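Below, each chain spelled out in residue letters.
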Amino acid sequence: MRKKVSEHIQRILNTLPKNPGVYRYYNDEGKILYVGKAKNLKNRVKSYFTGKVFGKTKVLVNKIADIKLIIVPTEQDALLLENNLIKKYRPPYNILLKDDKTYPWICIKKEAFPRVFITRKVIKDGSVYFGPYTSVKMVYTLLKLINGLFKLRTCNYLLDENNIKKEKFKVCLEFHIGNCLGGCEGHELREDYDKKINQIKNILKGNIKQVKDFLIEQMNNFSDKLEFEDAQLMKESLLQIEDYQNKSTVVSNTINNVDVFGLYSDDERYFVNFFKVIDGAIIQSHTAEVKAKLDESKSDILIYYILSLREEFNSNSKDVIIPFELDVQLDGIKFLVPKVGDKKKLIDLSVRNAKFYGLEKKKSDITPQIPNERILSDLKKKLHLQNLPRHIECFDNSNIQGSYPVSACVVFKDGKPSKKDYRHFNIKTVEGPDDFASMEEVIERRYTRMLQEGLDLPNLIIIDGGKGQLSSSVKSLEKLGLSGKIPIVGIAKRLEEIFFPGDQFPIYIDKRSESLKLIQFLRNEAHRFGITHHRNRRSKAMIISELDSIVGIGVKTRTDLLSIYKSVDNIKKAGINEVTELVGHSKAKKIFDFFNSK
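Residues numbered from 1 in each chain as written. Predicted model: local features only at pLDDT ≥ 70, side-chain atom pairs only at ≥ 80, totals over all residues. Heavy atoms only, no water.

**Brief notes about the overall build of the protein chain**
On a plain count of helices and strands, the protein chain comes out with 20 helices and 21 strands. The long-range fraction of contacts in the protein chain, counting pairs at least 24 apart against all pairs at least 6 apart in sequence, stands at 60%. Accessible surface, the protein chain as shown: approximately 32900 Å² in total, 51% of it carbon and sulfur. (Helix = DSSP H or I, 4+ residues; strand = E, 2+ residues; numbered from the N terminus. Contact = heavy atoms within 4.5 Å. Areas by Shrake-Rupley, 256 points an atom, 1.4 Å probe, with all protein chains shown as cover.)

**Some thoughts on the pattern of salt bridges**
A side chain of one charge can pair with a side chain of the opposite charge when the charged atoms of the two come close. For the coordinates displayed, the defined rule picks out 26 salt bridges. Lysine 479 is paired through a salt bridge with glutamate 440; the nearest N and O atoms lie 3.3 Å apart. Taken together, the positions of lysine 479 in helix α15 (residues 467–479) and glutamate 440 in helix α14 (residues 435–453) put the pair 39 residues apart, joining distant regions of the chain. Overlapping salt bridges bring together Lys37, Glu82 and Asp300 as one network. (Salt bridge = Lys/Arg side-chain N within 4 Å of Asp/Glu carboxyl O.)

**Comments concerning the packing of aromatic side chains**
One pass over the structure, following the stated rule, counts 19 aromatic pairs. Look at tyrosine 157 and phenylalanine 169: their rings are 4.4 Å apart centre to centre, the planes differ by 15°, and that puts the pair in the stacked class. Residue tyrosine 157 is located in the loop between α5 (136–149) and α6 (161–165), and its partner phenylalanine 169 is located in the loop between α6 and α7 (173–176); the two are separated by twelve residues in the primary sequence. In textbook terms, an aromatic cluster arises when at least three aromatic residues are bridged by ring pairs, as seen for Tyr23, Tyr25, Tyr34, Tyr48 and Phe49. Positioned above the aromatic ring of tyrosine 26 is the side chain of lysine 68, whose terminal nitrogen or guanidinium carbon lies 4.9 Å from the ring centre. The ring of phenylalanine 595 carries lysine 572 above its face, with NZ or CZ at 5.1 Å from the centroid. (Phe/Tyr/Trp six-rings, centres within 6.5 Å; stacked < 30°, edge-to-face > 60°. Lys NZ or Arg CZ within 6 Å of the ring centre and 35° of its normal.)

**What about the confidence of the model for the protein chain?**
Taken as a whole, the protein chain shows an average pLDDT of 82; of its residues, 89% reach a score of 70 or greater. Low pLDDT (under 50) marks residues 366–370, which in the prediction has two contacts with non-local residues, meaning those over four places away or in another chain. (pLDDT = per-residue confidence, 0-100.)

**Focus: α15**
In this model, α15 (13 residues) spans 19 Å end to end at C-alpha, consistent with the 18 Å of a helix rising 1.5 Å per residue. Where α15 is concerned, the buried positions are Gln469, Leu470, Ser472, Ser473, Val474, Ser476 and Leu477. Those residues of α15 that are buried are in contact with α14, β18 (460–464), β19 (488–492) and β20 (497–499). Of the residues flanking the end of α15, it is glycine 481, one or two places downstream, whose phi is positive at about 75°. (Expected span 1.5 Å × (residues − 1). Buried < 20%, exposed > 50% of the residue type's maximum accessible area, 1.4 Å probe, protein only.)

**Let's talk about helix α2 (residues 41–50)**
Residues lying three or four places apart along an α-helix face the same way, a consequence of the helix completing one turn every 3.6 residues. Inspection of α2 places Leu41, Val45, Tyr48 and Phe49 among the buried residues, and these make up the whole buried set. The buried residues of α2 occupy an angular sector of 95° when projected down its axis, which confines them to one face. In α2, the exposed positions that point more than 90 degrees away from the buried face belong to Asn43 and Thr50. If you follow the buried residues of α2, they end up packed against α1 (7–14), β1 (21–26), β2 (32–38), α3 (55–63) and β3 (66–71). (Arc of directions from axis to C-beta.)

Here it is, written out as structure tokens:
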């Protein structure tokens, strides 16, 4: 039954304007529930309270405690503002684009002799970003092509004119093996390097023809000068770019710079596909699920997706091909609904991709966790557990003759690694190689903190080790009052024996058993995670200890050196003259006197 409209809401309904705009619904706690747009605010907002509403819309209306309006000049302004507010507030009753991945971009850094590299963070520092790309493989294919065509630098030196004139940097191995043309020593002019960057931008924009014209021009210039080796290199580059172009999905040579959006619906879910077409070839493709929250129409879903994806993929195409007519128009965009020809084939291809994605998604939703449920049930039976071990934690110690002792805790949930919950521990209270005491310390620290923070305790604890490590772990659980409340076992590596607290003899699980393989996976993952941390800690300590031993070299000098050279070996290779420019003659002499004395 619909809740009676409050006096406050009724006053708002009585004074609604007929202008286009955006309306926002809030609950009694002041939290935003829904953002909507309207050509006529009065008619649209009143329809929620006077017309028939069902399902989720009825639930929404009963929660509305306040309404706020933003009046705008046109329906298009309302559409754009609605899209921005949905992204900002992510209201629970609005359309949800179910795609939380962070996609990679290709960055051309704003600097002298720009670097070109992959990144997942877009920093507004004037650099140029291309993407995002839904396939990391595609990014590395492009970077491999770019580095094969144009020899680019990979170092992070500040190659401004002043530093090059001062001969502050020396060419590295990349120059000697032909991967870089040595801009750091002035072997390559900045103007020539910038020409290459312009062609790289053309490749990333999909303007292959301009790149081919550039390479042909360069090849002819070298040939005219009788520089046949350089002309041959340009010819090989031209063949590379033609090979790359041939591998692109060519749809039609007559279609240039268009966006294509296909839509497939399945009950309350929608699946949408996006193609970016340049010079007749699909250069970007993206498919995602859109979950409708209320009674949004197919048109609402599609226009929301078009606005979101064009913004995310930085598209400025004026022509947008769609499967059906929309009742809105956007400035600078022409919507096309083809009936025949190449464009019709293209939109059909996009719809097929959306449908294929939806059907695959539906298959995966039918039996989401059956294999893991079976394995966990088998593990529960083998270890005589009361509950299904959905949350398992495994511990492993790592040290070399007692030095830099560490421990690792890995967490599996529903039979899968939950890497955000992994934890490292540096052993604090134990001296020397004492595996039992180390395990006792770590178990106490881990579960003391979990109890203090009110976190869910695991259904099973696995200790990498035999009876000794297991007994030490049980001591810590007893101190915390958790003994008997959390099942705990130890796994000995030699014969894969499973030990239980207080039992003299272990049990053996069939070597072919999936539940044993899960335990081994946990144990190996804990070992890998611990070893990695131990290696990093040991390396860091070795670097710091060597530089710390140099009398007269302070923290700032050490930090400056390591930030530039990354390691002590690189400092040694740089030589005293180069280090002198950075830290001065006195300090450089102390550093290299120390190195030479060793």
